[in-house]
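Understanding the architecture of this molecule
Listed below are the residues making up each chain.
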Amino acid sequence: MTTEAQASESSLAKASSAESSLASQTWEDKGVGTWSLTAWVSEAQALEARAARAQAWETQACEAQSRASQPRPTSVSGVEAAPVLKQRLLPAKVQVPEKEKSEVLFTRPFWSSKVEYILAQVGYSMRPGSLWHFCYLWLHSGGCSFLIIYIFLLLLLGVPLLFLEMAAGQRTRQGTIGVWKVISPWIGGVGYTSFMVCFITGLYLNVVSAWTLFYLGQSFQFPVPWEKCPLLKNSSGLDPECARTTPSLYFWYRMTLKASDRIEDGGPPVFSLSLPLFVSLCILGALTINGLKSTGKVIYVLVSLSYLIILCFIIRSILLDGAVFGLRYLAVIKISDMYNVNVWYRAGNQVLFSLGLGFGSVVSISSHMQPSNSCLSDAFVVALANLVSMLLFTPFICSVLGFWATVLTHRCSEKNTETLLKLVTLGILPPEAQPPQNLNGDPTSIFTSWFNSLSNPIKRKVLRHVPECNLEKQFLKVRENTNFAFLAFIEAMSFIPGSVFWSFLFFLMLLTMGMTTMIGIMQGIITPLQDTFTSFQKYTKPFTVVVFLLMFLCGLFFTRPSGSYYIRLLADYWTVLPVIIIIIFENLAVSWASEARSFFADLANLWGHPVYPIIRWLWSCLNPVVLLVLFVTTVFHLSLKTITYLAWDSSTSKEVVRRYPSWGLFAMIALLLIVILPIPTYFVYCLTHGIPVTSTRWDKPVISSRSLPISVQLTPIKEVQKEEILQVYTHTHFIRHR
């Protein structure tokens, strides 16, 4: 035993000495020089030394557990030891430093299956706001013309950029902060910009989930509270503020948001929204705190449930009265809009936002996938699933809105008939203005036919006392803005028989889609922080709790009476600019700094087959130009547009359009500059410290110090990259075996 212990101590000392002597030869210190065969061998020896320490510590742990039993060498199932180093038993007294233990034992978790990974990407892209906006653009921007332009830009721009982010995350196994430093050090600041945009977006998306949760809780009442105006306290009369508007608008502004009349009006956070915000974050934390193993199962359920509810709504909506009228507008095609620059620029922005590009979540989700996975096919699958989701969601929305317009037009015709009968009885209108009293069946058609049969002088007299009931004009009101379409849809839910059930189902669908989106957002926040600050990796659960608590405290700002106006400012006018800037620099990082060709050669070695050259051409030539044109067009459009928001006027109980104050615009510009500041700052840092423009890491295996392998074999140079992709998998297998 003494001889064996001495041999073990000698082995550990030699391994430590070899590691120390070779650790100084890091990849970052080698500069831009040629990566020679000698350097390859040196790196392999350094990795062997690291593997020896891992095996030494593992052997020591095994001996401590089996001291009472017969001593025997410990082998790791499925893991080959390095051919130069042999396993030896260590005595219990030999101690490996705690820092070395944590460094060796930590490994990056992987998704349990490719299906979970695909569903995570699809769930992240199923952002409810993006689905609503797609439906709005379809109705507002030429119908099928917009759809054709969207599909064209999805294939030309969306899929290549989605593939870029997926490939970068998989290959480097880094979050959004570290991945671009590996690919192109001079553009490394874009990771910090992406992280900040993701964090800010997560703040107000959490509040949107709180709105949904509040509505979900209120939908258990019968009738639902947005169907009728509430009664005054200690009175049988209706609330006069609600009587001057619709119950759905009143419930949204006065009961849910408790909205102020102007953005300048402050106030403390609304408790009725602060509590749902806390609950929604608790739900999200419970779904994600146990890591990818449980998160993947949760995504299975949430995404499947969302699609199941959408299918139920499609079947129910096409059976509603007026559904065909709403669906007719989807078949409209305006050829002139094919040449409209505004339609193209809106479709391009919709492609970027519908896929969730630029926020860093795609990169972070992909960093937990094995590098050997072919993500090009994954990009097509995710883009196709996202397109199918929107194509399912849009007809369902239009069918319900057609039903909404039909019901309101019927009610308008019935109300006009009652009013005209009273006016004729009082002698205010001539007998010729008396409408038909029986409107059973189709009130709108009967009333419209009667009204069209009147002479022009009688028509003018009638219209002085009653509004015109026009089904088409009522439906086209949803084209005014996405907020109106959402409120109209909520109101339509109260018209459907069994409104409580369908309202609950609708808000449950919005909540599940919001949660899958927020899971992706949280991956884009937590993963980069853990990669950057390695001490957080040992305390994942407490760190996650701290992040959620911070987001709750920051999100309280948006639960104030004027909070929804700030969310509108960020979502409609601010987010688009930093996202496009981020995507432009991501594209440049690969197509310019890494020259795309070396990146593709590296991916071809990993996958065992070449990637289509057209993708390289899109990255290097077409996509940068399209993104630059899109950015210039967006800036030009925003500079000409009056920055306004819809506010609630409590004196008239109506929505009014107000301009954002000058300080609000300055705050938006200042926030934009703060967010993009890391890009030039990091560029100057690299320039002053002599860091090379291009990274040499694509010419050698990328092994993170936080993802060390258990065993390393000397392999031919052409096989090194293929061998490296199995190291983290081997390490994970070792941990599970232990």
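Residues numbered from 1 in each chain as written. Predicted model: local features only at pLDDT ≥ 70, side-chain atom pairs only at ≥ 80, totals over all residues. Heavy atoms only, no water.

Labelled according to an unreviewed UniProt entry, the protein chain appears under the name Orphan sodium- and chloride-dependent neurotransmitter transporter NTT5, originating from Balaenoptera acutorostrata. Under the Subcellular location (unreviewed entry) heading, UniProt states for the protein chain: "Membrane". (UniProt positions renumbered as here; feature names shortened; annotations may be inferred.)

This paragraph deals with the overall build of the protein chain. In terms of regular secondary structure, the protein chain is built from 30 helices and two strands. Look at the contacts in the protein chain between residues 6 or more apart in sequence, and 81% of them connect residues 24 or more apart. Accessible surface computed for the protein chain: about 32,000 Å², of which carbon and sulfur atoms make up 64%. (Helix = DSSP H or I, 4+ residues; strand = E, 2+ residues; numbered from the N terminus. Contact = heavy atoms within 4.5 Å. Areas by Shrake-Rupley, 256 points an atom, 1.4 Å probe, with all protein chains shown as cover.)

In this sheet, strand β2 (residues 654-659) lies alongside strand β1 (residues 644-649) in antiparallel orientation, the contact comprising six bridges. Pairing of Ala647 across the sheet is with Val656, part of β2. In this antiparallel pair of consecutive strands, β1 and β2, the connection spans four residues, and Ser653 shows a positive phi of 55°. (Pairing = 2+ DSSP bridges.)

With that settled, consider helix α27 (residues 662-676). Spanning 15 residues, α27 covers 22 Å between terminal C-alpha atoms, matching the ideal 21 Å at 1.5 Å per step. Taken together, the buried positions of α27 are Gly664, Met668, Leu672 and Val675. Projected onto a plane normal to the axis of α27, the buried residues spread over an arc of 80° and lie on a single side. Facing away from the buried side of α27, by more than 90 degrees, are the exposed residues Phe666, Leu673 and Ile674. (Expected span 1.5 Å × (residues − 1). Buried < 20%, exposed > 50% of the residue type's maximum accessible area, 1.4 Å probe, protein only. Arc of directions from axis to C-beta.)

Moving on, we get to the pattern of salt bridges. Overall, the coordinates contain five salt bridges when judged by the stated rule. Note that Glu116 is salt-bridged to Lys297, the shortest N-O span being 3.0 Å. Here Lys297 lies in helix α12 (residues 292-317) and Glu116 lies in helix α4 (residues 114-125), a separation of 181 residues in the sequence. Glu116 sits in the buried class, given a relative accessible area of 2%. The shortest N-O distance in the salt bridge between Arg254 and Glu241 comes to 3.1 Å. Of this pair, Arg254 sits in helix α10 (residues 247-256) while Glu241 sits in helix α9 (residues 240-243), placing them 13 residues apart in sequence. On the basis of relative accessibility, which here comes to 26%, the residue Arg254 falls in the partly exposed class. Given the relative accessible area of 13%, Glu241 is considered buried. (Salt bridge = Lys/Arg side-chain N within 4 Å of Asp/Glu carboxyl O.)

Below, the discussion takes up the environment of His637. Note on placement: His637 falls in helix α26 (residues 613-640). In sequence terms His637 and Asn342 are 295 residues apart; their C-alpha atoms lie 8.6 Å from each other. Contacts of His637, omitting those with residues within four sequence positions, involve Asn342 and Tyr345. Separated by 3.2 Å, the side chains of His637 and Tyr345 make a polar contact. (Polar contact = N/O pair within 3.5 Å; in protein donor to acceptor, adjacent residues only side chain to side chain.)

With the rule as written, the count across this model stands at two disulfides. Each sulfur in the disulfide pair Cys412 and Cys469 lies 1.9 Å from the other. On the sign convention where negative means left-handed, the S-S torsion of about -75° between Cys412 and Cys469 marks this disulfide as left-handed. Of this pair, Cys412 sits in helix α16 (residues 375-425) while Cys469 sits in the loop between α18 (456-463) and α19 (471-476), and the two are 57 residues apart along the sequence. Take Cys469: its relative accessible area is 11%, and that puts it in the buried class. Take the cysteines of the protein chain that form disulfides and number them in order along the sequence; they join up as 1-2, 3-4. Distance from the sulfur of Cys135, which forms no disulfide, to the nearest cysteine sulfur (Cys398) is 4.0 Å. (Disulfide = S-S within 2.5 Å.)

In this section: the layout of surface pockets. The space that makes up the second largest pocket amounts to roughly 1,200 Å³. Around the second largest pocket, the lining is made up of 38 residues, and of these Thr246, Leu408, Gln474, Lys477 and Glu491 lie nearest the centre. Mapped by element, the contributors of at least two residues to the lining of the second largest pocket are α10, α16, α19, α20 (482-495) and β2. Among the elements that make up the lining of the second largest pocket, the one with the highest residue count is α16 (eight residues). Residues of the lining of the second largest pocket, tallied by class, amount to 15 nonpolar, eleven polar and twelve charged. (1 Å grid on protein atoms, 1.4 Å probe; cavity = no way out; pocket = protein on both sides within 12 Å on 5 of 7 lines; lining within 4 Å. Points joined across faces, edges and corners; volume = space filled by probe spheres on them. Nonpolar A, V, L, I, M, F, W, Y, C, P; charged D, E, K, R; others polar.)

With respect to the element layout, Ser274 can be found in helix α11 (residues 271-288). Taking the relative accessible area as the measure of exposure, Ser274 reaches 11% and is therefore buried. Beyond its immediate sequence surroundings of up to four residues, Ser274 is in contact with Pro269, Phe552, Leu556 and Thr559.

Let us look at the packing of aromatic side chains. On inspection of all chains with the given rule, the structure shows 44 aromatic pairs. Consider the rings of Tyr215 and Phe251, whose centres lie 5.2 Å apart with planes at 70°: the pair is edge-to-face. Taken as a pair, Tyr215 in helix α8 (residues 190-218) and Phe251 in helix α10 lie far apart in primary sequence, 36 residues in all. By relative accessible area, Phe251 is classed as buried at 4%. On the basis of an interplanar angle of 50° and a centroid distance of 5.2 Å, the ring pair of Phe220 and Phe504 is categorised as tilted. (Phe/Tyr/Trp six-rings, centres within 6.5 Å; stacked < 30°, edge-to-face > 60°.)

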